[in-house]
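# Survey of secondary and tertiary structure
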Amino acid sequence: ACCCCFCAHIDDDDDDGGDNATYDAPTLERSPEVYHLLRHMDRTGCDAFLDVHGDEELPFNFLAGSQGMSVWGKRLESLHGAFLASYERANADVQGKVSYEPDEAGE
C-alpha cells in the first residue's frame, strides 16, 4: 500500500487560469509539487485523498473533493465521515456543515 502526504498553499491572484489550472494542468515550472504528486498517484493508484481546505470566500475549514473519486461509495463515505467527526473533535477550526457542493463520483 502507498501513502502520500501532500501539503501546499496555492495562492494564485494572477490571470493565468487560477488554482484549478494548478491542479488540472500542472507543470514543473508552475507547480512542481502538484505535478510530481499527480504522476505518483498515476503510477501507484489512489484509494482515497482528503483535501483539508480553507477558502478565502468561506470563513471555514472543511474537507472537500473526495466525493468526486471514481471509487467513492458507502465504505469511503463512512470512513470520510468518521475522519471528519474525529477531526472536528480534535480541531475547533474544522467543521462539516459548510463546504463546497460535493462532486458526483468520478468527476
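One structure accompanies this document, and this report is about it. Please read these numbers as outputs of a predicted model, since none were measured by experiment.

Each helix and strand counted, the protein has 3 helices and 2 strands in total. Tracing the protein from N to C terminus, the helices and strands come up as α-α-β-β-α. By residue count, 21% of the 107 residues in the protein fall in the buried class. Sequence-distant contacts in the protein: of pairs separated by 6 or more residues, those separated by 24 or more amount to 43%. Accessible area for the protein stands at about 7,900 Å²; split by element, carbon and sulfur atoms hold 51% of it.

To continue, consider the packing of aromatic side chains. Enumeration over the complete set of coordinates arrives at 2 aromatic pairs. Residues F62 and Y100 carry aromatic rings whose centres are separated by 5.1 Å and whose planes lie at 85° to one another, so their mutual orientation is edge-to-face. Of the two residues, F62 is situated in strand β2 (residues 61-64) and Y100 in the segment after α3 (74-90); the sequence distance between them amounts to 38 residues. We classify F62 as buried; its relative accessible area is 1%. Y100 gets classed as partly exposed once you look at its relative accessible area, which sits at 35%. Sitting over the ring of Y35, R39 keeps its end group 4.3 Å from the ring centre.

Here 4 bridges tie strand β1 (residues 51-54) to β2, and the two strands are oriented antiparallel to one another. Across the sheet, G54 pairs through a bridge with N61, a residue of β2. The antiparallel pairing of β1 with β2 creates a hairpin that spans 6 residues between the two strands.

Quick look at the pattern of salt bridges now. Enumeration over the complete set of coordinates arrives at 1 salt bridge. The residue K74 makes a salt bridge to E77 at a minimum N-O spacing of 3.8 Å. Of this pair, K74 and E77 both sit in helix α3, 3 residues apart, which is roughly one turn of the helix.

So, about α3. Between its first and last C-alpha, α3 extends 24 Å over 17 residues, near the 24 Å set by a 1.5 Å rise per residue. Buried within α3 are the following residues: L76, H80 and L84. Buried residues along α3 cover an arc of 70° about the axis, so they all sit on one side. Residues of α3 that are exposed and angled more than 90 degrees away from the buried face: K74, R75, R89 and A90. Where the residues of α3 are buried, they touch β2.

Calculation criteria
- Residues numbered from 1 in each chain as written.
- Predicted model: local features only at pLDDT ≥ 70, side-chain atom pairs only at ≥ 80, totals over all residues.
- Heavy atoms only, no water.
- Helix = DSSP H or I, 4+ residues; strand = E, 2+ residues; numbered from the N terminus.
- Buried < 20%, exposed > 50% of the residue type's maximum accessible area, 1.4 Å probe, protein only.
- Contact = heavy atoms within 4.5 Å.
- Areas by Shrake-Rupley, 256 points an atom, 1.4 Å probe, with all protein chains shown as cover.
- Phe/Tyr/Trp six-rings, centres within 6.5 Å; stacked < 30°, edge-to-face > 60°.
- Lys NZ or Arg CZ within 6 Å of the ring centre and 35° of its normal.
- Pairing = 2+ DSSP bridges.
- Salt bridge = Lys/Arg side-chain N within 4 Å of Asp/Glu carboxyl O.
- Expected span 1.5 Å × (residues − 1).
- Arc of directions from axis to C-beta.

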